[in-house]
Amino acid sequence: MRKIFYPSILIIVLSFIAVTFSQKKEQTGNFKFFISVKDGRLTDGEKEFRFFSVNIPNLLLIEDDMRFESRNPWRLPNAFEIRDALLSVKQMGGKVARTYVISVKRPDDLPGTPKHVLAPGKFNERAFKVIDTTLAIANELGVRLIIPLMDNWKWMGGKGQYAQFRGKAEGAFWYDEQLKNDFKKTIAYILNRKNTVTGVKYKDDKAIMIWELGNELRNCPPEWIMEMAKFIKENDANHLVNDGIQNNKITKEILENPYIDVLSTHHYEGDPLKMIDHIKENISLIAGKKPYYLGEFGFISSEGIKAVLDQSLKNSDVCGALIWSLRFHNREGGFYWHSEPLGDGLYKAYHLPGFTSGNAYDETGIFKIFFNVNSQWLGSDLAVSEPPPAPYLLPVKDVGHISWRGSTGARFYFVERATSERGPWENISGYLTDADAAYEPLFNDEWAQTGQTYFYRVTAINNAGLTSVSDIAGPVKVSSKFLIDRCSNYSKLFQFKGKIEVKTDRNRSFKEDLDRLAGKSGAQLIYYVPGSVKGVKINSFARKSGNNLSFYLSKDGDSYRKVDSEKIDYSINQKDYNYQKPIQYILKNTDKGFRFFKIRFEDEAQIGRVEIEYEE
């Protein structure tokens, strides 16, 4: 039995001393005032209001349910996930989060995709109840929301889909009276909706900071902006309105629009100097007449981000900045993942508090910038001086598949095991993170003893060295053990032959699988277990759904017999991303004594995970 002991909490605290922040009193969750504008500045009552935070694209609708067996990546977040997202903002001192859009049904949506707008004047109550929950938690935690009302782009449905409802061309959306009235129906429904959790109408909810008319509206005439902004102002006297054009340059027409309260731009120039030039031009044009925030920016280095912030947020000419983007914990364990199509194959969505899996884009360094800017420049409260929320250990069916709902802001976890619910408990995992793999079980108890019965719990630890302990799962009777290869290197292989290489690129095409073993025709992977193979599950990817792999068992590692498998194609029938075909192979074996398992590549393919169940 391998035993791993905890180091001193002091060591953990010292290891993160580089993250400097002031520890102030916790933010209150009950807002006294709506955010308003005075003398070209945002104000919270009489106090100027400024912010540095994140976009959270999945907050109202998730597009990243990339579990291998899931055939639809779209689903609604639950209360745990919403709380984790907004508590992440609070912990970094962000004060504000920008959601993505109010989604619209597309004719090519996969079955069961839960969009908000189903047809003109027809709305999805289940989806809007998620917004109800989001606003309730935002009020509780003290986080303000910026909400775009529509998308320019097709991803979540937008202006093109409003036009499609009526059988009209997309360009007609800006001018056609019927289409404009359809959008006004959506606006009116949103403003007048009574929250089923709080009982407060959206137009009276202080957690809402800004209504953006849309997200990155292109070819949008100033007259449309005038009409829609005026409509909101006539029906909602409490909230600020943003134009929703969000190019990298402010226009004089928008600046002079009397119904637009606050201005914003989005920046993906790729060159921090070009970003800074555009921002300075905007500041000069605005000349303090209206508040101005960076609604989205990113896909540049940490030093580039610092330079942009130094030239914008550090002075009072810019009231806020929102980095793209944050993904939160997944209710099945781990995080949601999103590789950015415009991120040069490098950038992914960030996970608080930053992990080694994000080293390529300096994820930990990005959060240090958040902590320092919010505490030192903006005087924000950081909720990191208290223990993290307790993780929730999900039901444990066997010792090979142990997962938990993550703890907001937790840096590490310890999996603990005992033979009794009363303990004593021992740490069997060492330091674990829940960001080392995407959409997979988080821990395999390789040291479990066959025939023994165990109980499990998980301890979370944050940057301040404070801990919390999960619920207890068990009893778990050990009848099988597991060899699990996440395919991040060659360590789990007994032997390999032919051309095999580790792939970490183009993760979106592989359902966000971070590491894969790629093989050419004739290549082989060979595994050994100290017992009899009972079953195998392989998650693989290929361009076509053919006989890409074949499988063999051996008792001595020399003489092999071919074995049949069940093949399941979990392809996502959607063309927004260039998905490879996710093909799962399942093998069962009842014969004793087979210790070696071989995979032969019959055609080019990549393997993301191999699970071998065996009995000692």
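You'll find the structure just up there.
So, here's what we can say about the structure. As the structure is a prediction and not an experimental result, all values here were calculated from the model. (Residues numbered from 1 in each chain as written. Predicted model: local features only at pLDDT ≥ 70, side-chain atom pairs only at ≥ 80, totals over all residues. Heavy atoms only, no water.)

Before going further, it helps to spend a moment on the packing of helix H2 (residues 79–91) against helix H3 (residues 125–141). Close contact between H2 and H3 brings their axes to 10 Å; oriented N to C, the two are set at 35°. In this structure, the crossing between H2 and H3 has a hand that is right-handed. Contacts between H2 and H3 involve Ala79, Ile82, Arg83, Leu86, Leu87 and Lys90 from the first element and Val130, Thr133, Thr134, Ile137, Ala138, Glu140 and Leu141 from the second. Across the contact of H2 with H3, the residue classes tally to eight nonpolar, two polar and three charged. (Axes fitted to C-alpha atoms, helices over the stretch in contact; angles between N-to-C directions. Helix = DSSP H or I, 4+ residues; strand = E, 2+ residues; numbered from the N terminus. Left-handed = near helix turned anticlockwise from the far one by under 90°. Contact = heavy atoms within 4.5 Å. Nonpolar A, V, L, I, M, F, W, Y, C, P; charged D, E, K, R; others polar.)

Let us look at unusual backbone geometry. At the junction of Leu352 and Pro353, the peptide bond is cis and its omega measures out at 5° in the coordinates. A cis amide bond, omega 5°, links Gly474 with the succeeding residue Pro475. Among the secondary structure elements, Pro475 is positioned in strand E20 (residues 473–477). Despite not being glycine, Lys95 shows a phi value in the positive range, around 70°. Within the secondary structure, Lys95 sits in the loop between H2 and strand E5 (96–99). One non-glycine residue, Lys511, adopts positive backbone phi at about 55°. Overall, the relative accessible area of 4% leaves Lys511 in the buried class. (Buried < 20%, exposed > 50% of the residue type's maximum accessible area, 1.4 Å probe, protein only.)

Attention now moves to the packing of helix H5 (residues 177–192) against helix H6 (residues 222–235). Packed helices, taken two at a time, are described by the angle between their axes plus the distance between the axes. Where H5 contacts H6, the two axes come as close as 11 Å, and the packing angle between them is 30°. By the angle class used here, H5 and H6 are roughly parallel. Helix-helix and strand crossings are classified by hand; for H5 and H6 the assignment is right-handed. On H6, the residues touching Lys180, Phe183, Lys184, Ile187, Ala188 and Leu191 of H5 are Trp224, Glu227, Met228, Phe231, Ile232 and Asn235. The class makeup of the residues in the contact of H5 with H6 is eight nonpolar, one polar and three charged. (Parallel < 35°, antiparallel > 145°, perpendicular 65-115°, else oblique.)

As a further point, take empty space enclosed by the protein. If you walk through the whole model with that rule in mind, you get six cavities of 30 Å³ or more. In this structure, the largest cavity spans a volume of roughly 60 Å³. Looking at the largest cavity, the residues that line it are Asp243, Ile245, Gln246, Asn247, Lys249, Ile250, Thr251, Ile254 and Ser264. Classifying every residue of the lining of the largest cavity gives three nonpolar, four polar and two charged. (1 Å grid on protein atoms, 1.4 Å probe; cavity = no way out; pocket = protein on both sides within 12 Å on 5 of 7 lines; lining within 4 Å. Points joined across faces, edges and corners; volume = space filled by probe spheres on them.)

Turning to the side chain of Lys348, a few remarks are in order. Tracing the chain through its elements places Lys348 in the loop between strand E13 (320–323) and helix H10 (363–377). Glu512 is the oppositely charged side chain nearest to the buried, salt-bridge-free Lys348, at an N-O distance of 5.8 Å. At 2.8 Å, the side chain of Lys348 forms a polar contact with the side chain of Asn507. Each residue touching Lys348, except ones within four places of it in the same chain, is listed here: Trp337, His338, Ser339, Glu340, Tyr361, Asn507 and Leu514. (Lys, Arg positive; Asp, Glu negative; His and termini not counted. Salt bridge = Lys/Arg side-chain N within 4 Å of Asp/Glu carboxyl O. Polar contact = N/O pair within 3.5 Å; in protein donor to acceptor, adjacent residues only side chain to side chain.)

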